[in-house]
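Each chain, letter by letter, is given below.
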Protein chains: 2
Amino acid sequence: MQDPLSSLPGYVLSRAAAAALAELNRGLAKLGVRHSDVSLLILVNANPRLTQSDAGKLLDIQRANMVPLVSRLLELSLISKEPVDGRSQGLLLTSKGKKLLKEAQAVIDHHEVQLQLLIPEHLRPHLLPILHALWDSSRSKTS
Amino acid sequence: MQDPLSSLPGYVLSRAAAAALAELNRGLAKLGVRHSDVSLLILVNANPRLTQSDAGKLLDIQRANMVPLVSRLLELSLISKEPVDGRSQGLLLTSKGKKLLKEAQAVIDHHEVQLQLLIPEHLRPHLLPILHALWDSSRSKTS
DNA sequence: CCGTATTGCTATTGCCAATAGCATTTCTTA
DNA sequence: TAAGAAATGCTATTGGCAATAGCAATACGG
């Protein structure tokens, strides 16, 4: 059986990412959240009163698509909104949100460790630089 | 602005893959196909009379999800079906499919080259081994 | 021959992203 | 300061892709 795809870095990149994401979501499912939820929680935790729009810019999620994401976290009482001015509202973690984030962090930490363990030791230091090289270029285009 | 996400390999992996995929799809859009279409075309080209089910196993796409994909390519006359036995049908590239694949290959080749160019030269040889390390582990779980 | 597995399919659901458009508020600057 | 431009949050819709459950027809194996 010929498999010309597994020699294409682009293809393997997608598959590796999909596998990692699926694995992460399996871990997060226990907490009732998805990876996108957690990425927002992490961001809000690090930047209290972050605007929904600004969070979207960092996460590369468009304003329109932030709405259901934020609504969901509001409904779960994981975040709250606090008016900043007449149109913007700063996001904050509730105590429930902080507690859940702590649990999610444990899941993520474990996930990241597992990821590293998959890679032969001598290649491990190169993982992040390579991925950043691939990602950062697209960032300069987008923003 | 704190960005705790960009130090997480798992997160950066997803973003890098998403960026690469989006870029590839931009290139393929001119041809009226998507990356998933092309991955199937490549596979069928390398393995004529491949069964839809077997292609799904290689691409990690479930049988049910292969249906719309194959239907689309049939409708575009890029592939054809040839009965193998009472239930299976082998997939074949039509001449139109071969022609389009050749154009798509050019797009992909260019895409893969660009990908490599983003990475500092001394890291380039490590790209594929690292990605395979991440991907292959999930393959042994799945199959 | 009979139970089991396989193949292709329908139908539905969920997640995530993209687009277009809208009302409100803020900023800019002439 | 008034007027145009930009930002913010939102609605509504669409598309791509994956997951699940279930079905009919066919093939396989003891």
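Keep in mind it's a predicted model, so treat the numbers as computed, not measured.

*Asks:* Can you explain helix α5 (residues 95-118) of chain B? Please cite residues and give values.
*Replies:* Its 24 residues place the ends of α5(B) 35 Å apart at the C-alpha level, agreeing with the 34 Å of an ideal helix rising 1.5 Å per residue. Within α5(B), the full set of buried residues consists of G97(B), L100(B), L101(B), A104(B), V107(B), I108(B), H111(B), E112(B) and L115(B).

*Asks:* Hey, could you go over the nonpolar core for me, with residue numbers and the actual values?
*Replies:* Ranked by size, the top nonpolar core spans 84 residues in total, and within it L40(A) and L40(B) carry the most contacts. Excluding anything up to four places from it in sequence, L40(B) contacts A55(B), L59(B), M66(B), L69(B), V70(B) and L73(B).

*Asks:* Describe the sheet that holds strand β2 (residues 79-83) of chain A, and please don't skip the residues or the numbers.
*Replies:* Residues and elements named next belong to chain A. Strands sit in the order β1-β3-β2 across an open sheet of three strands; the sheet is antiparallel. Looking at the sheet topology across the chains shown, the edges are occupied by β1 (50-51) and β2. Bridge count between β2 and strand β3 (residues 89-93): five bridges; the pairing is antiparallel. Bridged to P83 within β3 is Q89.

*Asks:* I'd like to hear about the protein's contact with DNA strand C, residue by residue, with values.
*Replies:* The environment of DNA strand C is made up of 21 residues, and the closest members are R34(A), G86(A), S53(B), R63(B) and R87(B). Taken together, the sugar and phosphate atoms account for 62% of what DNA strand C places within 4 Å of the protein. N65(A) places a polar side-chain atom, nitrogen or oxygen, 2.9 Å from a base nitrogen of DNA strand C. Residues belonging to the surface near DNA strand C are distributed by class as follows: four nonpolar, ten polar and seven charged.

*Asks:* Please set out the interface of chain A and chain B residue by residue, giving values where relevant.
*Replies:* In this complex, chain A contributes 52 residues to the contact, which on the side of chain B involves 52 residues. Roughly 4,900 Å² is buried in total at the junction of chain A and chain B, and carbon and sulfur atoms are behind 76% of that figure. Among the residues of chain A in contact with chain B, R15(A), I130(A) and W135(A) are the three that bury the most area, contributing 13% of the side total. At the boundary of chain A and chain B, one finds two salt bridges. Note that D60(A) and R15(B) form a salt bridge whose closest N and O atoms lie 3.6 Å from each other. Our count for the chain A to chain B interface comes out at nine residue pairs in polar contact (both at pLDDT 80 or more). The element contributing the most residues to the side of chain A that touches chain B is helix α6 (residues 124-142) of chain A, with 14 residues. When the residues that make up the side of chain A that touches chain B are grouped by side-chain class, the tally is 33 nonpolar, twelve polar and seven charged.

Reading guide: rules and limits
Residues numbered from 1 in each chain as written. Chains lettered and ligands numbered in written order. Predicted model: local features only at pLDDT ≥ 70, side-chain atom pairs only at ≥ 80, totals over all residues. Heavy atoms only, no water. Helix = DSSP H or I, 4+ residues; strand = E, 2+ residues; numbered from the N terminus. Expected span 1.5 Å × (residues − 1). Buried < 20%, exposed > 50% of the residue type's maximum accessible area, 1.4 Å probe, protein only. Core = buried A, V, L, I, M, F, W, Y, C linked by side-chain atoms within 4.5 Å. Contact = heavy atoms within 4.5 Å. Pairing = 2+ DSSP bridges. Near = heavy atom within 4 Å. Polar contact = N/O pair within 3.5 Å; in protein donor to acceptor, adjacent residues only side chain to side chain. Nonpolar A, V, L, I, M, F, W, Y, C, P; charged D, E, K, R; others polar. Buried area = accessible area lost by both parts, 1.4 Å probe. Salt bridge = Lys/Arg side-chain N within 4 Å of Asp/Glu carboxyl O.

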